[in-house]
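Overview (structure and organization)
The residues making up each chain are set out below.
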Amino acid sequence: MTTTVAPSAPLTAADRCDRCGAQAYLRVELQTGGELLFCAHHAREHGDKLKEIAANVVDETHKLSGAPAAASDDER
C-alpha cells in the first residue's frame, strides 16, 4: 500500500504560533493527525521534542533572514 501525502500550503501572515500568537514560520504535522504552528523562537525552543512527534515539518524560518521589502509610494 502506498500513502500519498498532500503538500502543505505555504504559511501566511495569518498563521499564528500556538504558543505565543506571533507569526508562525514552522508547521508540524503530527503522526497522530493535526498540526501545530510555531514562531521561530518557539520552534527552536521545542525543536527536539517536535522532531519526535512529527510526521512532517514545514520550516519557513529562512524567510526571516531576507531584507525587509521597501515600502511603496502608496504606503508612505
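One can find the structure itself at the top, above this paragraph.
Note that the structure is a prediction, hence the values are computed from the model and not measured.

So, the sheet that holds strand β1 (residues 26–30)
In spatial order, the strands read β2-β1-β3; together these three strands make up an open sheet with antiparallel pairing. Each having just a single partner strand, β2 (35–38) and β3 (54–59) make up the two edges of the open sheet. Averaged over all pairs of adjacent strands, the angle between strand axes in this sheet comes to 15°, irrespective of strand direction. One ladder, built from five bridges, connects β1 with β3; its direction is antiparallel. By the bridge assignment, Val28 is partnered in β3 with Val57.

Digging into the pairing of β1
Burial analysis of β1 places five of its five residues in the buried class, the great majority of the element. Residues Leu26, Val28 and Leu30 of β1 are buried on one face, and the alternating residues Arg27 and Glu29, pointing to the opposite face, are buried as well. Pairing between β1 and β2: four bridges, direction antiparallel. The residue of β2 that forms the bridge with Arg27 is Leu37. Following β1, the chain reverses through four residues before pairing antiparallel with β2; Gly33 in that reversal takes a positive phi of roughly 100°.

Remarks on the state of the cysteines
Inspection of the entire model under this criterion finds zero disulfides. Counting only cysteine sulfurs, Cys20 is the nearest neighbor of Cys17, a cysteine outside any disulfide, at a range of 3.9 Å. Not engaged in a disulfide, the cysteine Cys20 finds its nearest cysteine sulfur in Cys39; these two sulfurs lie 3.8 Å apart. Residue classification places Cys20 among the partly exposed positions, given a relative accessible area of 45%.

A word on the layout of surface pockets
One number sums up the size of the largest pocket: a volume of about 170 Å³. Around the largest pocket, the lining residues are Leu26, Val28, Ala40, Ala43, Arg44, Gly47, Leu50, Lys51, Val57, Asp59 and Thr61. Elements that contribute at least two residues to the lining of the largest pocket include exactly β1, α1 (40–45), α2 (47–53) and β3. A class-by-class count of the residues in the lining of the largest pocket yields six nonpolar, two polar and three charged.

Rules of the game
Residues numbered from 1 in each chain as written. Predicted model: local features only at pLDDT ≥ 70, side-chain atom pairs only at ≥ 80, totals over all residues. Heavy atoms only, no water. Pairing = 2+ DSSP bridges. Helix = DSSP H or I, 4+ residues; strand = E, 2+ residues; numbered from the N terminus. Axes fitted to C-alpha atoms, helices over the stretch in contact; angles between N-to-C directions. Buried < 20%, exposed > 50% of the residue type's maximum accessible area, 1.4 Å probe, protein only. Disulfide = S-S within 2.5 Å. 1 Å grid on protein atoms, 1.4 Å probe; cavity = no way out; pocket = protein on both sides within 12 Å on 5 of 7 lines; lining within 4 Å. Points joined across faces, edges and corners; volume = space filled by probe spheres on them. Nonpolar A, V, L, I, M, F, W, Y, C, P; charged D, E, K, R; others polar.

Everything listed is a geometric property; what it means functionally is a separate question.
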